[in-house]
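If you want the building blocks of each chain, they are given just below.
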Amino acid sequence: MKDITKTINQIILIGTAIIFGFLTVFAVLISYVNVDLNREWPEKVADSFLLNIIWLMIAVVALFGFHKLCDRVGPREKSKCGWANVRLLIAITCTVLSLCWIITNGTGPQADQYLIIEAANNFNNGDYSFLQKGEYIGINQQQLGIVTVLRILFLIFGPANYFPFQILNACSVFFIIYLGSEIVGLITKKNTASDRFVEKAQLLYCIIVAICLPIYFYTPFVYGDLLSAGLMIVAIYILIDSFKLERGVCIRLILLLFILLFSLAVRTNSIIAIIAMCIVLIISMVSYPDKRRLVGKMLVVVILAVIVENVIIHVLYDKHIDEDSHSIPAVLYIAMGMNDSKEPWFGAGWYDGTNNIVFKENNYDVEATKKEAGRMIRDFKEKSVGNPEFLADFYLRKITSQWEAPMYQSLAVNNNVVKKQGALAAWIYDNVDVRIMLEKYMNHFQIFIYVGVFLYAVMAWKNKQTNIIENVGLLTILGGFLFSILWEAKVRYVFPYFIIMIPYAVVGWRLLMEQIKRKDEFI
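All chains use their own residue numbering, which begins from 1 and follows the written sequence. Residues qualify for local features only when their pLDDT is at least 70, as the model is predicted, and side-chain atom pairs are given and counted only at 80 or more; totals for whole chains, interfaces and linings, by contrast, use all residues. To obtain the side-chain values, all non-hydrogen atoms of the structure were used and water was disregarded.

Peer 1: How should I be thinking about the confidence of the model for the chain in this particular structure?
Peer 2: Do not read the predicted coordinates in detail wherever pLDDT is low. Averaged over every residue, the pLDDT of the chain is 90; residues scoring 70 or more account for 94%. Per residue, pLDDT measures the predictor's confidence, with a range of 0 to 100. Helix and strand definitions here come from DSSP, where helices need a minimum of 4 consecutive H or I residues and strands a minimum of 2 consecutive E residues; each element is numbered from the N-terminal end. For the chain, per-element mean pLDDT is lowest for helix 2 (residues 49-73), which scores 85, and highest for helix 6 (residues 144-157), which scores 97.

This is the structure:
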């Protein structure tokens, strides 16, 4: 059975290598940027292939410089805790910087953010009209999780006080950096015998995440994108680390349950990561008889998180939802993901209001809406049959407009300036040239990460050292990639997967450096 597990693991790695090879090629050729912060849809711009390659080479040289510098000034073998202290300091510093950005950026909630805050506040006051037929929460009941989280915060910290949620976003930065570096350590240990190599890989990860701008820019966003990414990093760490332990995992599993519950509440799309966890755990339970009991417990916890989250939502809200109040059917979002609307819309499966318009035109009737969505999907199929050029062009635009947008709309989703901004925030928000400069910087950063994930997938496939549990993050990313093809297109949907891929990218680059250093043949 272990051979089957290895085969599936190899398939995951091959799929990852193919996808990130594709994404890397287009990353050096084009980008999608939000020059106008008042426009949700990004603009396609041509990149300089030569300049991107030069910057990538500079990054590789910098990596070797980092390697040498660590050997000279880093803690020695007798003081291994020194490296952990440095990583902890970086994580704390970045958390403080995140708090500073929240305080000084001067933006406030708008659109969906504003509506979920208003709904949470009204629910706490006994007004559940937002759940009525055709109302915002009534047709978007997937928002009840994050609304519930906001309700709890408002009861503790005061009505409509969303600042504590932003603090949670800042705290997620800490977990992304510190526990993400622990994930790097767990994966790297399987691919090298050198503790020094592991320590330097962990420190490199912390530095790379620390210079990833969207992480800071997303902290004021009163939505679950950043927070869920941080929670999934914690969950992935617990899953991988618990698999390696023989005992003392009960507390970790209880923590995992609450982390997954919290993540599902703030972002429904966390179910993609949970499905990935279930897949790898089921396979591992069959393939590792000696760990079957442990893996079985982890699987129960993961499934229990989904069940408990659903039960809580039903207990809290079913009595307030009228029989004729229903959510927009999922199939309608898939149908909208096939639209190619022209100006003023973006096309390529991006939002064009289809979900709200069609649902309303059908008097919020689920079955009638499903039939209309089915017709839209059939129309798209008929248009695509015998027209492979259109099909290829459509999905190329849909994929690249989401996965080749290096700032991940981190400023565009926070463009509602409601108070005086600090000097840095004003400099960024008021200057198009500055924002273009940041887009170019993050384009180079994104290329570096994509190449790193590609390297990891290729090398892990060649040396066959990793197990399927360690690659649960990759399976999550593959699930997110498939989701981005099927669902309504939006750049910020991709952002949590970008966070999850960074540990694998760092391990990929470090494995390449070790191979070059040893002057050994390619793995």
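Peer 1: Please clarify how the pattern of salt bridges should be interpreted in this entry.
Peer 2: Between side chains of opposite charge, a pair can form when the charged atoms approach closely. A pair is scored as a salt bridge if a Lys or Arg side-chain nitrogen falls within 4 Å of a carboxyl oxygen belonging to Asp or Glu. Across all of its chains, the model carries ten salt bridges by this definition. The shortest N-O distance in the salt bridge between Arg87 and Glu182 comes to 3.0 Å. In this pair, Arg87 sits in helix 3 (residues 81-104) while Glu182 sits in helix 7 (residues 163-188), placing the two residues 95 residues apart along the sequence. Judged by relative accessible area, Arg87 falls into the buried class, the value being 6%. Here Asp379 makes a salt bridge to Arg375, at a shortest N to O gap of 2.5 Å. Taken together, the positions of Asp379 and Arg375, both in helix 16 (residues 366-384) and four residues apart, correspond to about one turn of that helix. When accessible area is computed with a 1.4 Å probe and restricted to protein chains, residues below 20% of their type maximum are described as buried, those above 50% as exposed, and intermediate ones as partly exposed. What makes Asp379 partly exposed here is its relative accessible area of 35%. A single network of salt bridges, built from pairs that share partners, joins Glu40, Glu488 and Lys490.

Peer 1: Help me understand a nonpolar patch on the surface in this model?
Peer 2: A residue counts toward a patch only above 30% relative accessible area and without a salt bridge, and it is joined to like-charged neighbours within 9 Å or, for Val, Leu, Ile, Met, Phe, Trp and Tyr, to nonpolar neighbours within 5 Å. The protein chains shown are the only cover counted for residues, whose accessible areas, like all others here, come from Shrake-Rupley with a 1.4 Å probe. Together, Val300, Ile303, Leu304, Ile307, Val311 and Val315 make up a nonpolar patch on the protein surface, roughly 510 Å² of accessible area in all. Along the chain, Leu304 turns up in helix 13 (residues 292-317).

Peer 1: How should I be thinking about the layout of surface pockets in this particular structure?
Peer 2: With a 1 Å grid spanning the protein atoms alone, the term cavity applies to any set of points in which a 1.4 Å probe fits but cannot get out, the term pocket to an open set with protein on both sides within 12 Å along at least five of seven lines, and the term lining residue to any residue with an atom within 4 Å of a point. Grid points are joined across faces, edges and corners, and a volume is the space filled by probe spheres set on the points. Put simply, the second largest pocket is a space of about 450 Å³. As for the second largest pocket, its lining consists of 17 residues, and the residues nearest its centre are Ala59, Ala62, Ile211, Phe445 and Phe448. Listing elements by their share of the lining of the second largest pocket, those giving two or more residues are helix 2, helix 8 (195-210) and helix 19 (432-463). Among the elements that make up the lining of the second largest pocket, the one with the highest residue count is helix 2 (eight residues). For the lining of the second largest pocket, a count of residues per class yields 15 nonpolar, two polar and no charged. Three classes are used: nonpolar for Ala, Val, Leu, Ile, Met, Phe, Trp, Tyr, Cys and Pro, charged for Asp, Glu, Lys and Arg, and polar for all others, with Gly counted as polar.

Peer 1: Please clarify how unusual backbone geometry should be interpreted in this entry.
Peer 2: Where the residue is not glycine, phi is negative for most of them; where a peptide bond is considered, it is trans in most cases. Even without being glycine, Asn363 reaches a positive phi, approximately 55 degrees. On the secondary structure map, Asn363 appears in the loop between helix 15 (354-361) and helix 16.

Peer 1: Any chance you could explain the environment of Glu372 here in plain terms?
Peer 2: Relative to the helices and strands, Glu372 is located in helix 16. The contact rule is simple, with two residues in contact once any of their heavy atoms fall within 4.5 Å. Setting aside anything within four residues of it in sequence, one finds Glu372 in contact with Val358 and Asn362. Of note is the side chain of Glu372, whose polar atom sits 2.5 Å from the side chain of Arg375. What qualifies as a polar contact is a pair of N or O atoms within 3.5 Å, subject to a donor-acceptor requirement within protein and to the restriction that residues adjacent in sequence count only when both atoms come from side chains.

Peer 1: Looking at this structure, how should I read the packing of aromatic side chains?
Peer 2: By convention, a stacked pair of Phe, Tyr or Trp rings (six-membered ring in the case of Trp) has centres within 6.5 Å and planes under 30 degrees apart, an edge-to-face pair has planes over 60 apart, and any other such pair is tilted. Under the criterion given, the structure shown has 28 aromatic pairs. With centroids separated by 4.8 Å and ring planes inclined at 20 degrees, the aromatic side chains of Phe123 and Tyr128 adopt a geometry described as stacked. For Tyr128, a relative accessible area of 18% translates into the label buried. A ring pair is formed by Tyr408 and Phe495, whose centres lie 5.9 Å apart and whose planes are at 55 degrees; its orientation type is tilted. Of the two residues, Tyr408 is situated in the loop between helix 17 (388-403) and helix 18 (423-429) and Phe495 in helix 21 (residues 495-518); the sequence distance between them amounts to 87 residues. A connected cluster of aromatic rings, assembled from ring pairs, spans Tyr218, Phe221, Tyr223, Tyr408, Tyr441, Phe445, Phe495 and Phe498. Over the ring of Phe243 we find Lys291; its NZ or CZ atom is 5.2 Å from the centre of that ring. Any Lys NZ or Arg CZ that is within 6 Å of a ring centre and within 35 degrees of that ring's normal is treated as a charge sitting over the ring.

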